[in-house]
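This is what each chain is made of:
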Amino acid sequence: MAGRNFLFVPGPTNTPDRILRAMHRAMEDHRSSDFPALAAPVLEDLKKIFKTSTGQAFVFPASGTGAWEASLTNTLSPGDKVLASRFGMFSHLWIDMAQRLGLEVEVLDAEWGEGAPVERYRDALAADKEHRIKAVLFTHNETATGVTSDVAGVRKALSEAQHPALLMVDGVSSIASIDFRMDEWGVDLAVTGSQKGLMLPAGLGVVCASQKALSKYDQAKLPRCFFDFGDMRKANATGYFPYTPSLPMLYGLRESLAMLLEEGLENVFIRHHRLAEGTRQAVKAWGLELCARAPHWHSDTVTAIMVPPGINGAEVIDIAYRRYNLALGAGLARMAGRLFRIGHLGDLNELMLLGGIAGAEMAMRDAGIKVTLGSGVAAAQEYWRGTAAPLEKRELPPRAPEAQPAAAPSKKATAGAAR
Ligand SMILES: *Cc1c(COP(=O)(O)O)cnc(C)c1O
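Residues numbered from 1 in each chain as written. Predicted model: local features only at pLDDT ≥ 70, side-chain atom pairs only at ≥ 80, totals over all residues. Heavy atoms only, no water.

Attention shifts here to the sheet that holds strand 8 (residues 166-170). The strand order across the open sheet formed by seven strands is 2-10-9-8-5-3-4, and the pairing between neighbours is mixed. The open sheet is flanked by strand 2 (56-61) and strand 4 (104-109), the only strands paired with a single partner. Along the sheet, successive strands turn relative to each other by an average axial angle of 20°, direction set aside. Here three bridges tie strand 8 to strand 9 (residues 189-193), and the two strands are oriented parallel to one another. Looking at the pairing, Asp170 lines up with Val191 of strand 9. Where helix 4 (residues 89-100) meets the sheet, its contacts fall on strand 3 (81-86), strand 4, strand 5 (133-139) and strand 8, and the angle it forms with strand 3 comes to roughly 155°. The strands touched by helix 6 (residues 151-160) are strand 5 and strand 8; relative to strand 8, the strand with the most contacts, the crossing angle is about 165°. (Pairing = 2+ DSSP bridges. Helix = DSSP H or I, 4+ residues; strand = E, 2+ residues; numbered from the N terminus. Axes fitted to C-alpha atoms, helices over the stretch in contact; angles between N-to-C directions. Contact = heavy atoms within 4.5 Å.)

This is the structure:
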């Protein structure tokens, strides 16, 4: 199909040309004396994205799932108890991993569409007088339902209970897109992957660990090898990796960090918020419901849109893909067919997103949903026009004078021109 594929799944996201060019290189020796000049600054700059000065960043050749595993296996032992809530596919999968690794998980189930139940975390932590809970798992942005939860709130719950458990946060679809403050919120392990806010292909699992998390390493007895913090720290200390790193991914990550820091993290967050809000205005104009149940849970990286009863959301997605070259996110697990998702994170601006919204309208109409064509587009346009930053004055070329009414040409001249 001619033209660009409109990629609006919430990961992988669009990789900017700048990053693609940075990745397009001949391979090099990862044991050369030049290599640390690439690796060391990347690991240092990553900390700025997590907003930590005291933590340590780890980069594994993996995806977000690998970073989940690294956070658990480097700090916990078999049979340790962890506290986690489940309110979507990703929070579910992290719990499933913890159970399969041999941890005992106290699960707080919440409705899919609600955020993590901070009050219930507070109650469970207060009740745990013997401090059997060794870690609290918290999914900052549940990508399956388009819901963002209150990390500062769960830290407050830990502090109020004076509970020593580690705070582990899945920030795969929030970090580098939505405000995240590792040090300020006392996050001990923060997890992300390369293919979301970092705008890279999938291939890196990134985790930042606090000093408190690192101090658990020696006593943590879960089996680990590939994801061992100890091997990684020893090699990273001299600017190397314990096994072959992916050079294109490291060059890409260096460019990604440069782009994010050039734009400024706060500007990145504002941009994501405006893009998300415009999308939500479109959904409102369509007369459809969000999966997210309340505004304080609305995600600025992904919007999950419920389709009306009798409509299969998978059909909307399939039509969008095959007819309009538009990739929308699917409903997962218990949300299969009941919703579709628009990812609006990474390298994105208003007009790109208008293409996605327009295509979603067409696909919805084709699938039998009674939305008015152009209604969502118009609502987003109005929102973005109304919230655009004022322009500074610039000298422009003047408007040309109005043309004088032309004298009626003589019959002779007309006849001549016709010949
Ligand atoms: C994408 C995602 C993951 C899984 O990451 P992979 O890179 O696919 O392993 C985990 N958690 C959240 C919230 C995600 O959005």
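Another point: the nonpolar core. In this structure, Phe50 and Val136 are the most contacted members of the largest nonpolar core, which totals 92 residues. Counting residues domain by domain, this core receives three or more from each of domain 1 (17-262) and domain 2 (265-387). In this structure, Phe50 is in contact with Ile175, Phe180, Arg181, Met182, Ala190, Thr192, Val206 and Cys208, ignoring residues within four places of it in sequence. Listed in part, the 31 residues of the second largest apolar core include Ile319, Ala363, Met364 and Ile369. (Core = buried A, V, L, I, M, F, W, Y, C linked by side-chain atoms within 4.5 Å. Buried < 20%, exposed > 50% of the residue type's maximum accessible area, 1.4 Å probe, protein only. Domains from an automatic or database assignment.)

Another point: the packing of helix 5 (residues 118-127) against helix 6. Two elements in contact, helix 5 and helix 6, have axes separated by 9 Å at closest approach and are oriented at 20°. Classed by the angle they form, the pair helix 5 and helix 6 counts as roughly parallel. Once helix 5 is placed against helix 6, the crossing between them reads as right-handed. Residues Val118, Tyr121, Arg122 and Leu125 of helix 5 pack against Gly153, Val154, Ala157, Leu158 and Glu160 of helix 6. Partitioning the contact of helix 5 with helix 6 into residue classes produces six nonpolar, one polar and two charged. (Parallel < 35°, antiparallel > 145°, perpendicular 65-115°, else oblique. Left-handed = near helix turned anticlockwise from the far one by under 90°. Nonpolar A, V, L, I, M, F, W, Y, C, P; charged D, E, K, R; others polar.)

The next thing to look at is unusual backbone geometry. Omega for the peptide link from Gly11 to Pro12 comes to 5°, which places this bond in the cis form. Within the secondary structure, Pro12 is located in the loop between strand 1 (6-8) and helix 1 (17-23). The phi angle at Ala176 is positive, at roughly 80°, despite the residue not being glycine. Of note, Ala176 is situated in the loop between strand 8 and strand 9. Of the residues examined, Ala176 reaches a relative accessible area of 2% and is grouped as buried.

A few words now on the packing of aromatic side chains. For the structure shown, the criterion picks out 12 aromatic pairs. A ring pair is formed by Phe35 and Tyr240, whose centres lie 6.1 Å apart and whose planes are at 25°; its orientation type is stacked. Of this pair, Phe35 sits in helix 2 (residues 35-50) while Tyr240 sits in the loop between helix 8 (229-236) and helix 9 (247-263), placing them 205 residues apart in sequence. Taking relative accessible area as the criterion, Phe35 reaches 3% and is therefore assigned buried. Their ring planes at 50° and their centres at 5.5 Å tell us that Tyr121 and Phe138 sit as a pair that is tilted. Within this pair, whereas Tyr121 is found in helix 5, its partner Phe138 is found in strand 5, the two being separated by 17 residues in sequence. Among the residues examined, Tyr121 registers a relative accessible area of 0% and is labelled buried. Given a relative accessible area of 0%, Phe138 falls into the buried group. An aromatic cluster is defined as three or more aromatic residues linked by ring pairs; in this entry it consists of Phe58, Phe60, Phe226, Phe227, Phe229 and Tyr243. The ring of Phe90 carries Lys196 above its face, with NZ or CZ at 5.2 Å from the centroid. (Phe/Tyr/Trp six-rings, centres within 6.5 Å; stacked < 30°, edge-to-face > 60°. Lys NZ or Arg CZ within 6 Å of the ring centre and 35° of its normal.)

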